[in-house]
Amino acid sequence: MKKLMTIVAFAVLAFTFAMASATAEETAKVFKFYCSQCHGLEGKGDGPNVTKDFPVSPRNFTNAKEMDKLSDADLKNVIMDGGPAVSKSPMMPPWGKTLTDADVDGLVKHLRTLCKCKGKQG
Ligand code: HEC
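Keep in mind the model is a prediction, meaning the values are calculated, not measured.

**Student:** Can you explain the overall build of the chain? Please cite residues and give values.
**Tutor:** Scanning the chain from terminus to terminus reveals five helices and zero strands. When the helices and strands of the chain are placed in sequence order, the string is α-α-α-α-α. The C-alpha extent of the chain, read off along each of the three principal axes, is 65 × 30 × 25 Å. The buried share of the chain, taken over its 122 residues, is 18%. In the chain, 51% of the contacts between residues at least 6 apart in sequence involve partners at least 24 apart.

**Student:** Run through the site of the ligand, naming residues and quoting values.
**Tutor:** Close to the ligand lie 22 residues, the nearest being Cys35, Cys38, Lys88, Ser89 and Met92. Where the shell around the ligand is concerned, the elements lending two or more residues are α2 (24-39) and α4 (72-81). With five residues, α2 is the largest single contributor of residues to the shell around the ligand. For the shell around the ligand, a count of residues per class yields 14 nonpolar, five polar and three charged.

**Student:** Pulling in residues and values, what's your account of the environment of phenylalanine 31?
**Tutor:** Counting through the fold element by element, phenylalanine 31 comes out in helix α2. Accessibility expressed as a C-beta count within 10 Å gives 20 for phenylalanine 31, which makes it buried. Separated by 25 residues in sequence, phenylalanine 31 and valine 56 have C-alpha atoms that sit 20 Å apart. Residue contacts for phenylalanine 31: discarding those within four places in its chain leaves Ser36, Leu107 and His110.

**Student:** Account for the packing of α2 against helix α5 (residues 101-115), with residues named and values stated.
**Tutor:** Two numbers describe how α2 lies on α5: the axes approach to 9 Å, and their chain directions differ by 90°. In terms of their interaxial angle, α2 and α5 are classed as roughly perpendicular. Taken together, the residues of α5 that come into contact with α2 (itself represented by Glu26, Thr27, Val30 and Phe31) are Asp103, Gly106, Leu107, Lys109 and His110. Per-class residue counts for the contact of α2 with α5 are three nonpolar, three polar and three charged.

**Student:** Describe α5, listing the residues and the values that go with them.
**Tutor:** In a regular helix each residue adds 1.5 Å, so 15 residues correspond to 21 Å; α5 covers 21 Å between its end C-alpha atoms and thus fits that length. Lining the buried residues of α5 we find α2, α3 (64-67) and α4. Within two residues after α5, lysine 116 carries a phi angle of roughly 50°, on the positive side.

**Student:** Can you tell me about the nonpolar core, naming the residues and giving the values?
**Tutor:** One recurring pattern in soluble globular proteins: nonpolar side chains tend to sit buried together. With 13 residues, the main nonpolar core has Phe61, Met67, Leu107, Leu111 and Cys115 as its most contacted residues. Every element with two or more residues in this core is listed here: α2, α4 and α5. Looking at which element gives the most residues to this core, the answer is α5, with five residues. Apart from the residues within four sequence positions on either side, cysteine 115 is in contact with Phe61, Thr62, Asn63, Ala64 and Met67.

Thresholds, definitions, all that
- Residues numbered from 1 in each chain as written.
- Predicted model: local features only at pLDDT ≥ 70, side-chain atom pairs only at ≥ 80, totals over all residues.
- Helix = DSSP H or I, 4+ residues; strand = E, 2+ residues; numbered from the N terminus.
- Buried ≥ 20, exposed ≤ 12 C-beta atoms within 10 Å, placed from the backbone.
- Contact = placed C-beta atoms within 7 Å.
- Near = placed C-beta within 6 Å.
- Nonpolar A, V, L, I, M, F, W, Y, C, P; charged D, E, K, R; others polar.
- Axes fitted to C-alpha atoms, helices over the stretch in contact; angles between N-to-C directions.
- Parallel < 35°, antiparallel > 145°, perpendicular 65-115°, else oblique.
- Expected span 1.5 Å × (residues − 1).
- Core = buried A, V, L, I, M, F, W, Y, C linked by C-beta atoms within 7 Å.

Next comes the structure, spelled out in C-alpha cells:
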C-alpha cells in the first residue's frame with residue numbers, strides 16, 4: 001500500500017510539473033500555429049501573411065542585435081498585451097487571452113533559441 005501511495009504521489013508531482021511548464025515540443029506547435037504566419041516558421045519575419053502592403057515588418061527573431069535590446073519580461077509583455085502595449089504596431093496581436101502563461105514563457109525561451117541571445121538583463 002505504501003508503495004502505491006508513493007507511485008501516486010510521483011504521478012501527481014510529474015503531472016503538476018508538466019502543467020506548469022510547456023515542453024519545447026508544445027512550444028514549437030504553439031509557435032507554428034499562432035506566430036509563424038507572420039514571423040515565419042524559422043522566425044525570420046517572413047511568414048506568408050506578410051504581403052508587400054503590410055505596414056510594418058514582424059520582428060526577425062534571428063536578429064540577435066535587435067533581440068538583445070529586449071529583456072525576457074519585455075518579450076512576455078508584448079506577447080501577452082500586443083504591439084500597442086509597448087508603443088509598437090497593432091499588427092502584433094495580444095495573445096494573453098488565447099495562450100496560457102506557461103505557453104508564453106515557453107515562447108520567450110523559444111525566441112531566445114532563435115536569436116541565440118540572452119537579451120537585456122534585469
Ligand atoms: C498578424 C501578424 C502577427 C502574428 C500572428 C504575430 N505577430 Fe508578433 N509581431 C508582428 C508585427 C507586425 C510586429 C512588429 C511590430 C512593430 O515593430 O511595431 C511583431 C512584433 C513582435 C514582437 C516584438 C519584437 C520587438 O522588437 O519588440 C514579439 C516578441 C512578437 N511579435 C512575438 C510574437 C509571438 C510569440 C507570436 C505568436 C504567439 C506573434 N508574435 C504573432 C506581427 C505578428
